[in-house]
Amino acid sequence: MAGGQARPELTALTGEQRDRVAKHLRRHRTRCAGCGSTDFDIGDALYLGFLFRSERQDAYLVGLTCAAPACPAPRTGVRLRKTDLFRPGEETADGEDPREAGTTP
Ligand SMILES: [Zn+2]
């Protein structure tokens, strides 16, 4: 099996960023559609604005896996805005955002 293949459009999240996702899930009382659990394993972030022109320019989809062992449909995801996920400077590791280039606070 050739799992774990690196995909450039996926952004691996740091522990701190996963923590922000977890807070977002709690704030919005996000539940698993399969079993109703609120316990998720937080995966990578996919930049949606890159793939779908109808999406907001700053929309990310963060992969979630329901942590309930008996869940019938454990794979899901949550949409987050870039500002909910990243702090200024964090997201520029592998790409430049032209809207922010050259702006100094
Ligand atoms: Zn579930």
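In this text, all values refer to a predicted model and were calculated from it rather than measured experimentally. (Residues numbered from 1 in each chain as written. Predicted model: local features only at pLDDT ≥ 70, side-chain atom pairs only at ≥ 80, totals over all residues.)

1. Focus: the overall build of the protein chain
No. 1: Within the protein chain, the secondary structure is distributed over three helices and four strands.
No. 2: Written out in order from the N terminus, the α and β elements of the protein chain read β-α-β-α-β-β-α.
No. 3: Burial statistics for the protein chain: of 105 residues in total, 16% are counted as buried.
No. 4: Nonlocal contacts in the protein chain, meaning residues at least 24 apart in sequence, comprise 56% of its contacts between residues at least 6 apart. (Helix = DSSP H or I, 4+ residues; strand = E, 2+ residues; numbered from the N terminus. Buried ≥ 20, exposed ≤ 12 C-beta atoms within 10 Å, placed from the backbone. Contact = placed C-beta atoms within 7 Å.)

2. What to know about the nonpolar core
No. 1: Ranked by size, the top nonpolar core spans 14 residues in total, and within it V21, I42, A45, Y60, V62, L80 and L85 carry the most contacts.
No. 2: Counting only elements with at least two residues in this core, the list comes to β2 (40–47) and β3 (59–66).
No. 3: In terms of residue count, β2 provides more of this core than any other element does, four residues in total.
No. 4: When sequence neighbours within four positions are dropped, the list of residues in contact with I42 reads L13, R18, V21, A22, V62 and L64. (Core = buried A, V, L, I, M, F, W, Y, C linked by C-beta atoms within 7 Å.)

3. Looking at the pairing of β3
No. 1: By the bridge criterion, six bridges tie β2 to β3 in an arrangement that is antiparallel. Looking at β3, one finds that F40 is bridged to C66.
No. 2: Judged from the seven bridges that link them, β3 and strand β4 (residues 75–81) form a sheet pairing that is antiparallel. Residue pairing across strands places A59 opposite R81, the latter belonging to β4. (Pairing = 2+ DSSP bridges.)

4. Focus: the sheet that holds β3
No. 1: Read across the sheet, four strands follow the order β1-β2-β3-β4 without closing on themselves; strand pairing throughout is antiparallel. If you trace the sheet from one side to the other, it starts and ends with β1 (10–11) and β4, each paired once.
No. 2: Against the sheet, helix α1 (residues 15–27) touches β2, β3 and β4, its axis set at about 95° to β4. (Axes fitted to C-alpha atoms, helices over the stretch in contact; angles between N-to-C directions.)

5. A closer look at the environment of D41
No. 1: In this fold, D41 is placed in strand β2.
No. 2: For D41, a count of 11 C-beta atoms within 10 Å corresponds to the exposed category.
No. 3: Sequence separation between D41 and T65 is 24 residues; the distance between their C-alpha atoms is 5.0 Å.
No. 4: Ignoring sequence-local partners within four residues, the contact set of D41 consists of T65 and A67.

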